[in-house]
Amino acid sequence: MARAKIALIGAGQIGGTLAHLAALKELGDVVLFDIAEGTPQGKALDIAESAPVDGFDAVLKGTNDYADIAGADVCIVTAGVPRKPGMSRDDLLGINLKVMKSVGEGIAANAPNAFVICITNPLDAMVWALREFSGLPHEKVCGMAGILDSARFRHFLADEFEVSVKDVTAFVLGGHGDTMVPLSRYSTVAGIPLPDLVEMGWTSQEKLDAIIQRTRDGGAEIVGLLGNGSAFYAPAASAIEMAEAYLKDQKRLLPCAAYIKSALGVKDLYVGVPTVIGAGGIEKIVEIKLNKDEQAMFDKSVEAVRGLVSACKEIDSSLG
Ligand code: APR
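Residues numbered from 1 in each chain as written. Predicted model: local features only at pLDDT ≥ 70, side-chain atom pairs only at ≥ 80, totals over all residues.

## What to know about the UniProt feature "domain: Lactate/malate dehydrogenase N-terminal" (unreviewed entry) in the protein
Rule in force here: UniProt positions are given in the numbering used here, feature names are shortened, and annotations may be inferred rather than shown by experiment. Helix and strand definitions follow DSSP, with helices as H or I runs of at least four residues and strands as E runs of at least two, each counted in order from the N terminus.
In the numbering adopted here, UniProt assigns the feature "domain: Lactate/malate dehydrogenase N-terminal" (unreviewed entry) to residues 5–143. Along residues 5–143 one finds 40% helix and 18% strand; the C-alpha atoms at either end are 19 Å apart.

Here you go:
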């Protein structure tokens, strides 16, 4: 059977890391696309030259021509600009919206059957715009955020409890921004919910609140430390988990920015929710029960995403 084809639109920090991970995991052959000449070609060759050492079989190609993504099974989009210290993800909207237009058209013309994972920020609005510009089915276009936000939460919790990250699960819902909703009740250590762990004296409510805030600010913390660019290792690992779930029809239950026709009190919007990812793309949205406070936080996050979508429509009247 022919190998799967994975197209990476944007060959910057995240794009290069995605290519490396996809090759190491032998998910398929990789095409790196970028408007910058030389960058995708250089990264593809560099990774290909690591194959004899690491022992993976994958063809890697760098290109500036959309025709080379033809027939891709998965497209992961990181094209655009990352934020600089002091910027919020929302500050990127104007520039990255234009990029989504050209990427959406490129994917529609060359890889209309692909499962598309958007990473470009501000995530929830960009994945919505990418879907509009590409015209692909909603269940085949989604955004990576929830796995990353949950992974940050899990890392901080594992560190606090001095247990393996493998035994910590966490849920983060809502938009990929300051209003994201880390859900303590649905986050556990080996099945024990966080509120029970507070009662058991594993941590205090104050420490847990601080971890939740650090999770919300997780992206900014990295931006501040790097001083030049934003996080790329954990975002790439998170998107690869989604691509693998699709390519291997794993039916993984993963939080991601998915199109909600009508669920969880939301209509016609992309926002972070638990989903099932398999060969059909986003096969299901899992309607977990939220209590009053959680629903209020989720609603606030949804409103923030709606504001960004409205801003996109104001900038580009074709999105009306
Ligand atoms: N088409 C294709 N590639 C583009 C386009 C375009 N229209 N515009 C810019 N690019 C490319 C740039 O040339 C660059 O190589 O996108 C790449 C972005 O890479 P980086 O600047 O290294 O950014 P990265 O850290 O990978 O983040 C990309 O993901 O997490 C988000 O906020 C982040 O929006 C940012 C995106």
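Let's pick the thread back up.
## Regarding the site of the ligand
Formally: Placing the C-beta atom from the backbone, one calls a residue near a molecule or strand if that atom lies within 6 Å of it. Three classes are used: nonpolar for Ala, Val, Leu, Ile, Met, Phe, Trp, Tyr, Cys and Pro, charged for Asp, Glu, Lys and Arg, and polar for all others, with Gly counted as polar. Where each domain begins and ends follows an automated or database-derived domain assignment.
The full set close to the ligand counts 29 residues, and Gly12, Gln13, Ile14, Ala79 and Asn121 are the nearest of them. If you tally residues by element for the shell around the ligand, the top one is helix H4 (residues 93–110), at four residues. The residue makeup of the shell around the ligand, split by class, is 14 nonpolar, 13 polar and two charged. Here the shell around the ligand spans two domains, and each of domain 1 (5–144) and domain 2 (146–314) adds at least three residues to it.

## Quick notes on helix H5 (residues 123–134)
Stated formally: Take the residue count of a helix, subtract one, and multiply by 1.5 Å to get its expected span. To sort residues by burial, count the other C-beta atoms lying within 10 Å of each one's C-beta; a count of 20 or more means buried, 12 or fewer means exposed, and anything in between means partly exposed. C-beta atoms are built from the backbone.
With twelve residues, H5 should cover 16 Å at 1.5 Å per step; its first-to-last C-alpha distance of 16 Å lies within 8% of that length. Among the twelve residues that make up H5, twelve are buried, leaving the element largely enclosed by the rest of the structure. Along H5, the positions that sit buried rather than exposed are Leu123, Asp124, Ala125, Met126, Val127, Trp128, Ala129, Leu130, Arg131, Glu132, Phe133 and Ser134. Just downstream of H5, Gly135 is the residue with a positive phi angle, here 70°.

## Section: the nonpolar core
The line we're drawing: Structurally, a nonpolar core is described as a collection of buried Ala, Val, Leu, Ile, Met, Phe, Trp, Tyr and Cys residues joined by way of C-beta atoms within 7 Å. Whether two residues are in contact is decided by their C-beta atoms, placed from the backbone, lying within 7 Å.
Leu8, Cys75, Val116, Ile117, Leu130 and Met242 are the most contacted members of the largest nonpolar core, which has 98 residues in total. Residue contributions to this core reach at least three from each of two domains, namely domain 1 (5–144) and domain 2 (146–314). Non-local contacts of Val116, meaning those with residues more than four positions away in its chain, are made with Cys75, Val77, Ile107, Leu130, Ser134, Leu136, Lys140 and Val141.

## With respect to the packing of helix H1 (residues 13–24) against helix H2 (residues 39–48)
What counts, and what does not: Here an axis means a line fitted to C-alpha atoms, over the contact stretch when the element is a helix, while the angle between two N-to-C directions is reported on a 0 to 180 degree scale. To sort the angles, those under 35 degrees are grouped as roughly parallel, those over 145 as roughly antiparallel, those from 65 to 115 as roughly perpendicular, and the leftovers as oblique. Should the near helix be turned anticlockwise from the far one by less than a right angle, the crossing is left-handed, and should it be turned clockwise, the crossing is right-handed.
Between H1 and H2, whose axes approach to 10 Å, the crossing angle comes to 30°. With respect to each other, H1 and H2 are oriented roughly parallel. In this structure, H1 meets H2 at a crossing whose hand is right-handed. Contact residues: Gly16, Ala19, His20 and Ala23 in H1; Lys43, Ala44 and Ile47 in H2. When its residues are assigned to classes, the contact of H1 with H2 shows four nonpolar, two polar and one charged.

## Some remarks on the sheet that holds strand E9 (residues 192–193)
Condition: At least two bridges found by DSSP between two strands are what make those strands a pair.
In spatial order, the strands read E7-E8-E9; together these three strands make up an open sheet with antiparallel pairing. Sheet topology places strand E7 (168–173) and E9 at the edges, where each strand pairs with a single neighbour.

## Points about the domain arrangement of the protein
As far as domains go, the protein holds domain 1 (5–144) and domain 2 (146–314). Using only C-alpha atoms to locate each centre, domain 1 and domain 2 end up separated by 22 Å. Facing the 37 residues of domain 1 at the interface are 37 residues of domain 2. For the side of domain 1 that touches domain 2, the secondary-structure elements that each account for two or more residues are H1, strand E4 (74–77), H4, strand E5 (115–118), H5 and strand E6 (141–143). Per-element accounting of the side of domain 1 that touches domain 2 gives the leading share, seven residues, to H5. The class makeup of the residues in the side of domain 1 that touches domain 2 is 23 nonpolar, five polar and nine charged.

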